[in-house]
Amino acid sequence: MAVKVKIPVPLQRLTQGKEEVEGNAGTIISLINSLDQKYPGLGERVSEGGKLRRFVNIYVNEEDVRFMKNEETEVKDGDEVSIVPAIAGGC
Amino acid sequence: MGYVKGLKCRECAREYPVDPIYVCEFCFGPLEVVYDLDGIKKIMTRELIESRQHTLWRYIELLPIDKDPTSGLNSGFTPLVKADNLAKHIGMRELYIKDDTVTHPTLSFKDRVVAIALSKAKEFGFDTVACASTGNLAHAVSAHGAAGGFKRFIFIPASLEKSKIIASLAYEPNLIAVDGNYDDVNRLCSEVANKYNWAFVNINIRPFYAEGSKTQGYEIVEQLGWKAPDAVVVPCASGSLLTKIWKSFKELKEIGLIDDLHTKVFSAQATGCSPIVRAIKDDVDVIKPVKPDTIAKSLAIGNPADGYYATKVIQETGGFGADVSDEEIISAIKLMAKTEGIFAETAGGVTLASAIKLVESGHIDRDAVTVLCITGNGLKTREAIVGHTVEPYHIDPNLKSFEATLKKIIK
């Protein structure tokens with residue numbers, strides 16, 4: 001069992017159209033870096049200099065990583081990670 | 001018709017054609033509509049605008065549609081009320097309420113954004129519209145979508161005010177009540193939007209939808225006699241309205257319809273959900289998300305998508321922010337109702353209570369021409385003031401009983 005990563009439409013071109021890919025347990029940033037090996041370009045879309053980009057939201061099992069340890073949040077096998085662009089609403 | 005040049009990423013400036021897309025494929029930054037302002041400047045005059053109907057479509061050249069509008073044909077151009085009673089109460093010289101409690105047809109400023117969004121959705125050829133909503137957007141998409149013959153999927157947090165839920169159900173959309181807060185609903189919707197080819201007004205139609213908020217700013221300027229105010233106080237959830245009002249003022253300056261622009265922009269939030277005001281007070285531009293806990297549910301967005309840009313606008317214009325408690329929100333709703341006869345929803349209470357704080361703290365000058373953006377009608381959030389109003393007098397159906405009560409009232 002691995003970590004499941006849900007890929008948003010703007011990034012699916014990099015994953016050959018796959019909506020969901022698998023990655024390794026560890027920190028979020030190491031997960032992103034390892035996905036970048038498999039799907040070149042994904043890393044720089046989502047992060048810059050080891051930090052998540054301002055308009056990228058990452059959720060682990062539906063919880064925003066900013067309520068945990070940001071890019072240093074640990075994920076384990078079986079966890080579900082979602083990459084979601086920021087969305088407008090309200091006023 | 002149509003002065004839109006294309007879409008552009010606000011972060012890295014990459015350009016995109018006009019499509020139902022909303023984020024930069026490269027850096028995930030939000031996409032923004034770019035206009036041919038030189039072309040607009042050549043034809044758009046005060047006289048041309050004033051000759052048109054009293055709806056938001058009088059500013060059509062500055063809106064991102066290419067064909068005749070098909071939605072919200074009667075929306076916008078709400079009153080700008082000179083609030084002398086309220087001004088006197090607070091100790092201000094010249095105060096105005098931009099009264100979007102009476103926007104057609106669903107009584108909130110969301111009628112503006114949805115008018116644009118659904119006109120654009122029709123241009124793109126969508127047959128289904130959808131949204132994630134804290135309530136007002138649900139109303140607007142349900143109503144405008146019904147009139148436009150769209151299939152409608154409306155996602156809301158299940159905890160919304162009952163009166164808001166019922167008001168949406170009247171239009172018979174597919175209403176999906178999600179067991180979670182607005183940020184949870186949004187996250188779900190971004191996944192739904194990935195999978196289904198629908199016009200999600202606040203997701204893949206967002207660059208166009210958000211432009212509708214500018215019309216509130218254009219109207220304020222026109223109704224002040226083609227002048228921008230000294231101060232404007234804007235309620236913030238995602239921060240989108242605040243950034244668009246500022247954009248509207250800047251555009252009017254750029255196309256020469258106003259000469260001077262010195263407006264300070266202020267943000268109003270509830271203390272139980274104030275990530276933007278927190279950033280302003282801490283003088284940083286990093287927005288720390290929060291878990292909302294406030295009666296102002298239409299502002300309960302803990303992860304504000306435009307928070308960064310809202311913070312930039314406030315800093316750029318020399319504005320500031322204030323946050324207020326649930327008690328202060330309720331008092332302010334009642335104060336506006338009893339001084340100006342305008343019953344606003346909780347977000348309006350947030351705006352007025354914050355404005356009072358900003359005046360008392362000296363951030364807003366008592367002599368400044370100040371506009372409060374009041375975005376929704378109080379009938380939508382009646383629950384918030386239940387138990388906080390005066391009580392009716394109960395009498396028997398005869399004159400004696402009435403006069404006995406009258407004596408007590410006028411004593």
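Because the structure is predicted, anything quoted here is derived from the model rather than measured.

Colleague: Would you explain the overall build of chain A in this entry?
Modeller: Each helix and strand counted, chain A has three helices and nine strands in total. Taken along the three principal axes of its C-alpha coordinates, chain A extends 40 × 25 × 25 Å. Burial analysis of chain A (91 residues in total) assigns 41% to the buried set. Expressed as a percentage of contacts within chain A between residues at least 6 apart in sequence, the contacts between residues at least 24 apart total 48%.

Colleague: When you look at the interface of chain A and chain B in this model, what are you seeing that I'm missing?
Modeller: Where interface size is quoted, it is often the accessible area lost as the parts come together. With 25 residues of chain A in contact, the opposing surface of chain B contributes 39 residues. Of all elements in the fold, only helix H1 (9–12), strand E6 (56–60) and strand E9 (80–85) of chain A reach the threshold of two or more residues within the side of chain A that touches chain B. Classifying every residue of the side of chain A that touches chain B by side-chain character gives 13 nonpolar, four polar and eight charged.

Colleague: I keep staring at helix H13 (residues 326–340) of chain B and nothing clicks. Help me out?
Modeller: Residue pairs three or four apart in sequence face the same way in an α-helix, which turns once every 3.6 residues. All names here are of chain B. Spanning 15 residues, H13 covers 21 Å between terminal C-alpha atoms, matching the ideal 21 Å at 1.5 Å per step. All buried positions along H13 are accounted for by Glu-328, Ile-329, Ala-332, Ile-333, Met-336 and Glu-340. Down the axis of H13, the buried set is contained in an arc of 140 degrees. They therefore lie on one face. Each element contacted by the buried residues of H13 is listed here: strand E4 (80–82), helix H3 (84–90), strand E5 (94–99), strand E11 (264–270), strand E12 (321–324) and helix H14 (346–360). Where H13 ends, the next residue or the one after it, Gly-341, has phi of about 70 degrees, a positive value.

Colleague: How should I be thinking about unusual backbone geometry in this particular structure?
Modeller: The omega torsion of the bond from B:His104 to B:Pro105 falls at -5 degrees, within 30 degrees of zero and hence cis. On the secondary structure map, B:Pro105 appears in the loop between E5 and helix H4 (110–124). One non-glycine residue, A:Gln16, adopts positive backbone phi at about 55 degrees. With respect to the element layout, A:Gln16 can be found in the loop between H1 and strand E2 (20–23). Exposure remark for A:Gln16: the 8 C-beta atoms within 10 Å place this residue in the exposed category. One non-glycine residue, A:Asn70, lies in positive phi territory at about 50 degrees. For A:Asn70, the position within the fold is in the loop between strand E7 (63–64) and strand E8 (74–75).

Colleague: Explain the sheet that holds strand E7 (residues 151–157) of chain B here, please?
Modeller: Within a beta sheet, neighbouring strands are joined by backbone hydrogen bonds and run either parallel or antiparallel to one another. Residue and element names in this part refer to chain B. Ordered by their spatial adjacency, four strands build an open sheet running E8-E7-E6-E9, and the pairing between neighbours is parallel. What marks the edges here is a single partner per strand, and that holds for strand E8 (174–178) and strand E9 (199–200). Pairing geometry for strand E6 (residues 128–132) and E9, over two bridges, is parallel. Paired with Val-129 across the strands is Ala-199, a residue of E9. Contacts from helix H5 (residues 136–147) reach E6 and E7, with the element oriented near 170 degrees to E7. Lying over the sheet, helix H7 (residues 182–195) contacts E6, E7, E8 and E9, oriented at roughly 145 degrees with respect to E7.

Rules behind the numbers
Residues numbered from 1 in each chain as written. Chains lettered and ligands numbered in written order. Predicted model: local features only at pLDDT ≥ 70, side-chain atom pairs only at ≥ 80, totals over all residues. Helix = DSSP H or I, 4+ residues; strand = E, 2+ residues; numbered from the N terminus. Buried ≥ 20, exposed ≤ 12 C-beta atoms within 10 Å, placed from the backbone. Contact = placed C-beta atoms within 7 Å. Nonpolar A, V, L, I, M, F, W, Y, C, P; charged D, E, K, R; others polar. Expected span 1.5 Å × (residues − 1). Arc of directions from axis to C-beta. Pairing = 2+ DSSP bridges. Axes fitted to C-alpha atoms, helices over the stretch in contact; angles between N-to-C directions.

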